[in-house]
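# Examining the three-dimensional arrangement
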Amino acid sequence: MSKQASTSYPKERINILFLENISEKAVQQFKQNGYTNIRKLSGALSEEELIKEIKDVHLIGIRSKTLITKKVLDAATKLQAIGCFCIGVNQVDLKAATQKGVAVFNAPYSNTRSVAELVIGASVMLIRRIPDKNIAAHQGIWMKEAKGSYELRGKTLGLIGYGNIGSQVSVLAEALGMKVLFYDTETKLPLGNATAAKNMKEVLNNADIVSLHVPETPETKLLINKNAIKQMKPGAILINYARGEVVDLKALATALEEKQISGAAIDVFPWEPEKNGDHFESPMQGLKNVLLTPHIGGSTEEAQQNIGEDVSIKLFQYLERGITNGSHTVPAIGLPPIEGTHRILHIHHNVPGVLSAINTALSKNKINIVGQYLKTNEDIGYVVLDIEKKLSKTAIELLKSVKSTIKVRMLY
Ligand code: NAI
């Protein structure tokens, strides 16, 4: 962040609470940027504990286990932003955060590459039938044979879902000489020589390996069921690194037992244990040429580091410049600073007339607006105002008294 853009509220007084052992790298980044008032706890806090702890907190950093409920947000009178140092934001009551004008950031794409690489790795392992040979070797059985082992080169990879991960897998697969056929409900630009299929059936009918990269939605629940599996090429392979609910595992287990398909890699399950060491059961256990992993598709050191960097940068941009790109609550605005001005942020309920009330209040007091940008969502509006320096204090007071105001903050 630029050195000129110092916050009106001293950085060292911005009260930061980091839970769930957020990476030391992120903590260091905050300290290097002048945010020294940091409390770091190793675990998550219960709702009751959070209500007590969050009162004076300006910024909270969490991972996936801390629930930020409406009650917590009601108690968080000073909270400006929540940094979810993880991929999802389901743990935050986004509606309540929106209504309170609290910006929520996460790192949705930090582990895209981790998943894509492992899908390719699993494809190689399965098409060579390595899981069985690996188990045999561990058991002291020599199983040297070429029968049933193939190369990826020249085979067709079928991708269902061509978003961030699907399209990365596509690029890596083509580099290995595979043909890529994909289906996505949205129109997507094919990368490289990949081909868009008209429907999912076309992918299932033609792919040697089918890999799923769709989100969990009512439409994708049991998307790969008995009928869909029947549409796959005999001897094909199925990979699911997306979400557990997408595949009917009983139907898949039957298809593997009956040798209708020749292998599967499953990383996500309809029910997953809460913590390491917990018991885990699946109809896929004990089947031939099956790789089972405990939802680690995106779990790499690199992804953790990317998450720390990505979320920290988004938080700095918001705290220091008012930039909300990537926020799930406050509408996204990205404006460069204007020389010689103070920047004021105004968050309000999205009702008609607020912008004109702001402009009337300022113009009546002869306050010149050098730059202004408004963006709204269903619930709230977000205005970034760049005001001539000499009158900015008066402007703050005027803006606080505008009807429907939720939050006003002067940045620099
Ligand atoms: P994304 O949102 O970038 O892409 C998903 C794509 O699926 C979109 O292009 C969407 O249009 C498409 N889609 C939605 N419904 C569809 C349908 N019925 N048929 C075909 N296409 C459909 O998501 P991203 O980042 O690529 O993630 C994909 C999946 O991978 C998600 O379920 C995510 O939760 C999961 N994931 C799993 C990880 C792991 O550790 N195993 C780590 C990261 C993500």
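Cut-offs and rules
Residues numbered from 1 in each chain as written. Predicted model: local features only at pLDDT ≥ 70, side-chain atom pairs only at ≥ 80, totals over all residues. Heavy atoms only, no water. Buried < 20%, exposed > 50% of the residue type's maximum accessible area, 1.4 Å probe, protein only. Helix = DSSP H or I, 4+ residues; strand = E, 2+ residues; numbered from the N terminus. Contact = heavy atoms within 4.5 Å. Near = heavy atom within 4 Å. Polar contact = N/O pair within 3.5 Å; in protein donor to acceptor, adjacent residues only side chain to side chain. Nonpolar A, V, L, I, M, F, W, Y, C, P; charged D, E, K, R; others polar. Core = buried A, V, L, I, M, F, W, Y, C linked by side-chain atoms within 4.5 Å. Pairing = 2+ DSSP bridges. Right-handed = clockwise from strand over helix to strand, strands pointing away. Expected span 1.5 Å × (residues − 1). Salt bridge = Lys/Arg side-chain N within 4 Å of Asp/Glu carboxyl O.

### Describing helix α6 (residues 130-138)
Of all the residues in α6, the buried ones are Pro131, Asp132, Lys133 and Ala136. Here the buried face of α6 lies against α5 (112-127) and β12 (290-292). Two residues or fewer past α6, Gly140 is found with a positive phi of approximately 85 degrees.

### A short note on the site of the ligand
Contacts to the ligand come from 24 residues, most closely from Asn164, Ile165, Asp184, Val214 and Asp267. Between an oxygen atom of the ligand and a side-chain N or O atom of Asp184, the distance comes to 2.6 Å. Class assignment of the residues belonging to the shell around the ligand gives a composition of nine nonpolar, 10 polar and five charged.

### With respect to the nonpolar core
Ile160, Ile224, Leu238, Leu252 and Met284 are the most contacted members of the largest nonpolar core, which totals 32 residues. Where this core is concerned, the elements lending two or more residues are β7 (179-183), α8 (200-206), β9 (209-212), α9 (226-230), α10 (249-257) and β11 (263-266). The leading source of residues in this core is α10, at six residues. Look past the residues within four positions of Leu238 in its chain and what remains in contact with it is Val210, Leu212, Ile224, Met232, Val247, Leu252, Ile261, Gly263, Ala264 and Ala265.

### Some thoughts on the pairing of β7
With four of five residues buried, β7 lies mostly within the body of the structure. One ladder, built from five bridges, connects strand β6 (residues 156-160) with β7; its direction is parallel. By the bridge assignment, Gly158 is partnered in β7 with Leu181. Once the chain exits β6 it traverses helix α7 (residues 164-175) before rejoining the sheet at β7, and the crossover so formed is right-handed. Summarising the sheet, β7 and strand β8 (residues 195-196) pair through two bridges and their orientation is parallel. Looking at the pairing, Leu181 lines up with Thr195 of β8.

### Some remarks on α7
With 12 residues, α7 ought to run about 16 Å at 1.5 Å a step, and its terminal C-alpha atoms sit 17 Å apart, in line with that. Looking at the packing, one finds that the buried side of α7 touches α5, β6 and β7. Downstream of α7 by a residue or two, Gly177 has a phi angle that is positive, lying close to 90 degrees.

### Topic: unusual backbone geometry
Within the chain, Glu20 stands out as a residue other than glycine whose phi angle is a positive 55 degrees. Of note, Glu20 is situated in the loop between β1 (16-18) and α1 (24-32). One non-glycine residue with positive phi stands out, namely Leu222, at about 50 degrees. Examined against the element boundaries, Leu222 turns out to sit in the loop between β9 and α9.

### Observations concerning the environment of Ile313
Note that Ile313 resides in helix α11 (residues 301-321). Separated by 57 residues in sequence, Ile313 and Leu256 have C-alpha atoms that sit 46 Å apart.

### So, the pattern of salt bridges
In total, this model carries 20 salt bridges according to the counting rule given. In this structure, Asp379 engages Lys95 in a salt bridge whose closest nitrogen and oxygen atoms are separated by 3.2 Å. Taken together, the residues Asp379 in the loop between β14 (369-376) and β15 (380-388) and Lys95 in helix α4 (residues 94-99) connect sequence positions 284 residues apart. A residue is classified by how much of its surface remains accessible, and Lys95, at 42% relative accessible area, is partly exposed. Counted as one network, the salt bridges with shared partners bring together Lys55, Asp56 and Lys78.

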